[in-house]
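# Working through the structure, step by step
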Amino acid sequence: MAGNGGEKQVQVIHELLQDDCRRVAVAVNAYGKASRFHTWNNRVQRILEAVHLLYEVDV
């Protein structure tokens, strides 16, 4: 989608505004991804990995 001045993104937005079922499906899918990947456990893991890389210590 990148690199075309945003025309494709605008087109997708218009399509989603016209299609309730597709819009709900996109929202449900996004919520599922967010609830799977954006957890406190995942955040702590990323912080610990960064600490390990920066300071070369096991935490």
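Residues numbered from 1 in each chain as written. Predicted model: local features only at pLDDT ≥ 70, side-chain atom pairs only at ≥ 80, totals over all residues. Heavy atoms only, no water.

Quick look at the overall build of the protein chain now. Looking only at helices and strands, the protein chain features three helices and zero strands. Start at the N end of the protein chain and walk to the C end: the helices and strands fall as α-α-α. The C-alpha radius of gyration computed for the protein chain amounts to 19 Å, which surpasses the reference 10 Å derived for 59 residues by more than 25%, pointing to a less compact arrangement than a globule. Reported as C-alpha extents along the three principal axes, the dimensions of the protein chain are approximately 50 × 25 × 10 Å. Relative to its 59 residues, the protein chain shows a buried fraction of 5%. With an accessible surface of roughly 5,400 Å², the protein chain has 61% of that area assigned to carbon and sulfur atoms. Separation between the mean location of the 7 positive side-chain charges and that of the 7 negative ones in the protein chain comes to 6 Å. (Helix = DSSP H or I, 4+ residues; strand = E, 2+ residues; numbered from the N terminus. Rg over C-alpha atoms; globule rule 2.2 N^0.38 Å. Buried < 20%, exposed > 50% of the residue type's maximum accessible area, 1.4 Å probe, protein only. Areas by Shrake-Rupley, 256 points an atom, 1.4 Å probe, with all protein chains shown as cover. Lys, Arg positive; Asp, Glu negative; His and termini not counted. Charge placed at Lys NZ, Arg CZ, Asp CG, Glu CD.)

Glancing now at the packing of helix α1 (residues 7–18) against helix α2 (residues 20–37). When two helices pack together, their arrangement is captured by the angle between the axes and the distance separating the axes. Look at α1 against α2: their axes get within 5 Å of each other, and the N-to-C directions meet at 110 degrees. One element, α1, and the other, α2, form an angle in the roughly perpendicular class. Taken together, the residues of α2 that come into contact with α1 (itself represented by V12, E15, L16, L17 and Q18) are D20, R22, R23 and V26. Each residue belonging to the contact of α1 with α2 can be placed in one class, and the counts come to four nonpolar, one polar and four charged. (Axes fitted to C-alpha atoms, helices over the stretch in contact; angles between N-to-C directions. Parallel < 35°, antiparallel > 145°, perpendicular 65-115°, else oblique. Contact = heavy atoms within 4.5 Å. Nonpolar A, V, L, I, M, F, W, Y, C, P; charged D, E, K, R; others polar.)

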